[in-house]
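# Summary of structural features
Each chain, written out:
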Amino acid sequence: MTQWLKRPASVEMLVVATGVVCALLLALPGETVTTKYLNDLFIFLDGVHRVSLGQVPNRDFHTALGPLVYYVPAIGYWLTGSFGGAMPIGMGLLVLGFALIAAHVAGSRLRPAIGLPVALFLILVTAVPANLGEGIRDLSFAMFYNRIGWSGLGLLLIMYLQPVYPHRRQAWLDAVCASALLLLMFYMKISYGVVGLAFMVFMLLFSRQRLWVAAALAVTIIIGLAVEASWGATKAHFDDLLLAGEVSGRIDQINELAEALFRNLADYVLFAVFTILVLWRTRSLRDFLFLGFCAGSGFMIINQNFQHWGVITLGAGAAVAAEILARTQPAAPEDGKRPLLSAGAPLLLLALLLPSTVHMTATLGLHAGLAATRYGQSVPLPNFEQVRLARLWSEGEHPAFSRYLESIADGARALDELGEDAGHVLVLDFVGPFSAGLGLQPPQGDSTWYHWGRTLDDDHHLPAEEVFRDVRVVMDPKWAIESWTAEGLRRVYADHLTENYELLRETADWKVYILRDEPAETVSRSRDLDGDPTTAEGSSPTGG
């Protein structure tokens with residue numbers, strides 16, 4: 001194995017260069033183009049607006065997502081002042097950081113024929129503006145936290161291998177990288193963090209890498225305590241997670257599991273080939289447990305996601321398997337020819353990774369081209385002019401979202417007519433675009449989104465007193481982006497709406513309710529010896 005001990009610096013340089021290119025493709029146009037899940041995009045933009053005004057996730061508004069889901073695009077917004085640049089620039093910066101970690105992990109543990117393909121694959125998973133498993137034309141930053149979670153977990157799994165190109169401070173660099181990946185997953189979407197933590201505990205069982213694993217866990221705990229000291233909302237975050245889990249945390253039908261397996265069957269078959277070859281070569285219980293962890297944990301996660309394809313842990317596990325096969329190859333025969341198995345393992349890995357790598361590259365390039373040419377229809381809200389809905393070679397969901405934009409324009413006109421009374425707006429629909437899009441003061445105590453059957457239902461939802469605690473205007477859509485969510489919200493909060501709000505006006509697409517005036521208190525007056533009146537102040541007529 002001495003031929004592999006010299007560290008190929010070109011691998012790290014190529015991985016970082018890939019990250020730079022992907023980041024520039026996202027960031028340079030400075031606009032967001034979407035063809036699908038426009039309502040999901042508004043979740044993040046609403047969150048960006050809230051945190052830019054000083055609201056804190058899970059303290060001032062409810063969310064089952066981690067705080068980094070809002071702070072990553074908020075960095076893009078703070079740098080540019082543009083909601084159109086918030087997602088692509090925030091993601092571009094994150095891709096750069098991810099590429100640096102990938103360069104260290106893949107560069108120190110994998111030979112170039114294996115490290116480069118898997119690093120490129122994981123960087124593209126992070127960067128691509130589309131939900132995994134959907135078409136090239138299905139552009140969207142929706143559910144971007146899943147892609148970050150997958151790629152972070154994939155890199156962490158590669159650290160199962162011992163380094164063959166070690167740095168002078170390898171253990172400490174490993175600890176820093178692993179801790180960064182764990183924290184990223186925990187504060188993006190906790191399910192990935194839990195799986196990552198389970199993997200780290202598994203790694204503690206083996207002495208050869210125990211030093212960096214223990215150091216990474218210690219760093220993670222210390223930073224987590226520091227975050228909690230300033231955030232102070234961990235318990236509230238778990239409460240929101242439990243509420244969402246009570247609604248959608250169960251898989252009740254075997255056909256859902258079977259469907260997820262069959263959608264990813266080709267990847268599982270190739271991964272099974274890798275597993276059989278590795279176990280035939282090593283006869284290692286440790287390798288068996290690791291490869292089983294890759295397959296099982298990935299299957300568990302994808303069944304919690306709204307995702308058609310993409311058990312990314314299979315790609316990472318296959319890269320580890322290919323490296324194990326290369327490291328355990330028998331001594332070369334006298335003719336110098338490499339054994340067929342060791343030579344073929346990188347090719348088998350390419351068969352697993354290359355189709356999706358090409359697919360994601362095309363998708364990222366398409367978004368960059370459309371954003372650079374300002375293609376598509378701007379969202380009709382002043383702050384969202386650089387967010388565009390595009391119609392490509394097939395209609396897809398464009399007619400529905402185009403109609404949604406019409407209703408948003410109608411709602412914006414209704415709010416504009418309210419003048420100073422506009423603000424603290426709650427929308428009885430999947431998401432409310434008006435606070436961020438019009439620059440209004442957002443309410444506190446509500447959520448950045450509502451999804452019937454996933455975050456709330458008839459039996460599990462936030463108390464009305466919490467959701468409406470400082471809501472001044474309620475927008476009830478006649479044309480909702482998700483009718484089942486709108487109907488559910490009307491049903492569970494009907495009594496509170498009737499008792500505390502009155503219908504102010506109706507438009508073509510909205511019913512606009514405003515908070516009723518509170519009863520005036522009896523004002524008593526008395527005069528002092530000089531005859532000056534003393535007035536008892538009544539309560540505010542609005543529930544600000």
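The structure under discussion appears in the preceding block.
To start, this report covers the structure provided alongside it. In this text, all values refer to a predicted model and were calculated from it rather than measured experimentally. (Residues numbered from 1 in each chain as written. Predicted model: local features only at pLDDT ≥ 70, side-chain atom pairs only at ≥ 80, totals over all residues. Heavy atoms only, no water.)

Right, let's get into the overall build of the protein chain. Summing up its helical and strand segments, the protein chain has 20 helices and nine strands in all. Each of the three principal axes of the protein chain carries a C-alpha extent, and together these read 115 × 55 × 45 Å. Across the 544 residues that make up the protein chain, the buried fraction comes to 54%. Taking contacts inside the protein chain between residues at least 6 apart in sequence as the whole, the part at least 24 apart equals 76%. As displayed, the protein chain offers around 23100 Å² of accessible surface, 61% of which is attributable to carbon and sulfur atoms. Seen as two clouds, the 39 positive and the 52 negative side-chain charges of the protein chain have centres 15 Å apart. (Helix = DSSP H or I, 4+ residues; strand = E, 2+ residues; numbered from the N terminus. Buried < 20%, exposed > 50% of the residue type's maximum accessible area, 1.4 Å probe, protein only. Contact = heavy atoms within 4.5 Å. Areas by Shrake-Rupley, 256 points an atom, 1.4 Å probe, with all protein chains shown as cover. Lys, Arg positive; Asp, Glu negative; His and termini not counted. Charge placed at Lys NZ, Arg CZ, Asp CG, Glu CD.)

It is worth spelling out the side chain of Arg-147 at this point. Following the sequence through the fold, Arg-147 ends up in helix H6 (residues 144-158). Buried and without a salt bridge, Arg-147 has Glu-134 as its closest oppositely charged side chain, separated by 8.6 Å. Within polar-contact distance, the side chain of Arg-147 engages the backbone oxygen of Ala-142 at 3.2 Å. The contact partners of Arg-147, leaving out residues within four places of it in the chain, are Val-125, Thr-126, Val-128, Pro-129, Ala-130, Asn-131, Leu-132, Ser-140, Phe-141 and Ala-142. (Salt bridge = Lys/Arg side-chain N within 4 Å of Asp/Glu carboxyl O. Polar contact = N/O pair within 3.5 Å; in protein donor to acceptor, adjacent residues only side chain to side chain.)

This paragraph deals with the sheet that holds strand E3 (residues 387-389). One open sheet holds the three strands; their spatial order is E1-E3-E2, and the pairing between them is mixed. The strands lining the two open edges of the sheet, one partner per strand, are strand E1 (32-34) and strand E2 (377-378). Sheet strands in contact with helix H4 (residues 83-109) are E1 and E3, and its direction is about 90 degrees off that of E1. Across the sheet, helix H16 (residues 398-418) is in contact with E2 and E3; its angle to E3 comes to roughly 130 degrees. (Pairing = 2+ DSSP bridges. Axes fitted to C-alpha atoms, helices over the stretch in contact; angles between N-to-C directions.)

In this section: the environment of Asn-303. Along the chain, Asn-303 turns up in the loop between helix H13 (285-302) and helix H14 (312-327). A residue is classified by how much of its surface remains accessible, and Asn-303, at 16% relative accessible area, is buried. Separated by 46 residues in sequence, Asn-303 and Leu-257 place their C-alpha atoms 7.1 Å apart. Polar contacts involving the side chain of Asn-303 include one to the main-chain carbonyl oxygen of Phe-299, which spans 2.7 Å.

Per the stated rule, a full pass over the model turns up 20 salt bridges. Close ionic contact of Arg-137 with Asp-138 constitutes a salt bridge, the shortest N to O distance being 3.0 Å. Accessibility assignment for this pair places Arg-137 and Asp-138 in one class, buried. Residue Glu-417 is joined to Arg-505 by a salt bridge in which the shortest nitrogen-to-oxygen separation is 1.9 Å. Placement of the pair is Glu-417 in helix H16 and Arg-505 in strand E6 (residues 501-506), with a sequence separation of 88 residues.

Let us look at unusual backbone geometry. Positioned with a positive phi, Asn-58 is a non-glycine residue whose angle comes to about 70 degrees. Looking at where Asn-58 falls in the secondary structure, it is placed in the loop between helix H2 (38-52) and helix H3 (68-80). Its identity is not glycine, yet Arg-374 carries a phi of approximately 55 degrees, on the positive side. Along the polypeptide, Arg-374 turns up in the loop between helix H15 (340-372) and E2.

In this section: the pairing of strand E7 (residues 510-515). Regular strands have side chains that alternate between both faces of the sheet. When you tally the buried positions in E7, you get five out of six residues, the bulk of the element. As paired elements, strand E5 (residues 473-477) and E7 share five bridges and run antiparallel to each other. In the sheet register, Val-473 faces E7, and the bridge partner there is Ile-514. Between the end of E6 and the start of E7, which pair antiparallel, lie three residues.

Taken in spatial order, the four strands make up an open sheet running E4-E5-E7-E6, and their pairing is mixed. One side of each edge strand has no neighbouring strand; the edge strands of this open sheet are strand E4 (425-427) and E6. Sheet twist, expressed as the average angle between the axes of neighbouring strands with direction ignored, equals 25 degrees. By the bridge criterion, five bridges tie E6 to E7 in an arrangement that is antiparallel. Across the sheet, Glu-506 pairs through a bridge with Lys-511, a residue of E7.

What follows deals with the packing of H4 against H6. Close contact between H4 and H6 brings their axes to 10 Å; oriented N to C, the two are set at 15 degrees. Considering the angle they form, H4 stands roughly parallel to H6. Remark: the crossing between H4 and H6 carries left-handed chirality. Of the residues in H6, those touching H4 at Met-87, Met-91, Leu-94, Phe-98, Ile-101, Ala-102, Val-105 and Arg-109 are Phe-144, Ile-148, Ser-151, Gly-152, Leu-155 and Ile-158. When its residues are assigned to classes, the contact of H4 with H6 shows 11 nonpolar, two polar and one charged. (Parallel < 35°, antiparallel > 145°, perpendicular 65-115°, else oblique. Left-handed = near helix turned anticlockwise from the far one by under 90°. Nonpolar A, V, L, I, M, F, W, Y, C, P; charged D, E, K, R; others polar.)

A cluster of nonpolar residues, Val-20, Leu-24, Leu-28, Ile-75, Trp-78, Leu-79, Leu-93 and Leu-96, forms a patch on the protein surface that exposes about 750 Å² of accessible area. It is H3 that contributes the most residues to the nonpolar patch, three residues altogether. Here Val-20 is to be found in helix H1 (residues 9-27). (Patch = residues over 30% accessible without salt bridge, like charges linked within 9 Å, V, L, I, M, F, W, Y side chains within 5 Å.)

A few words on the environment of Val-379. Along the chain, the position of Val-379 falls in the loop between E2 and E3. Remark: the alpha-carbon pair of Val-379 and Ala-142, spanning 237 residues in sequence, is separated by 16 Å. Dropping the residues within four chain positions of it, Val-379 is found in contact with Leu-38, Phe-42, Phe-384, Glu-385, Val-387 and Leu-405.

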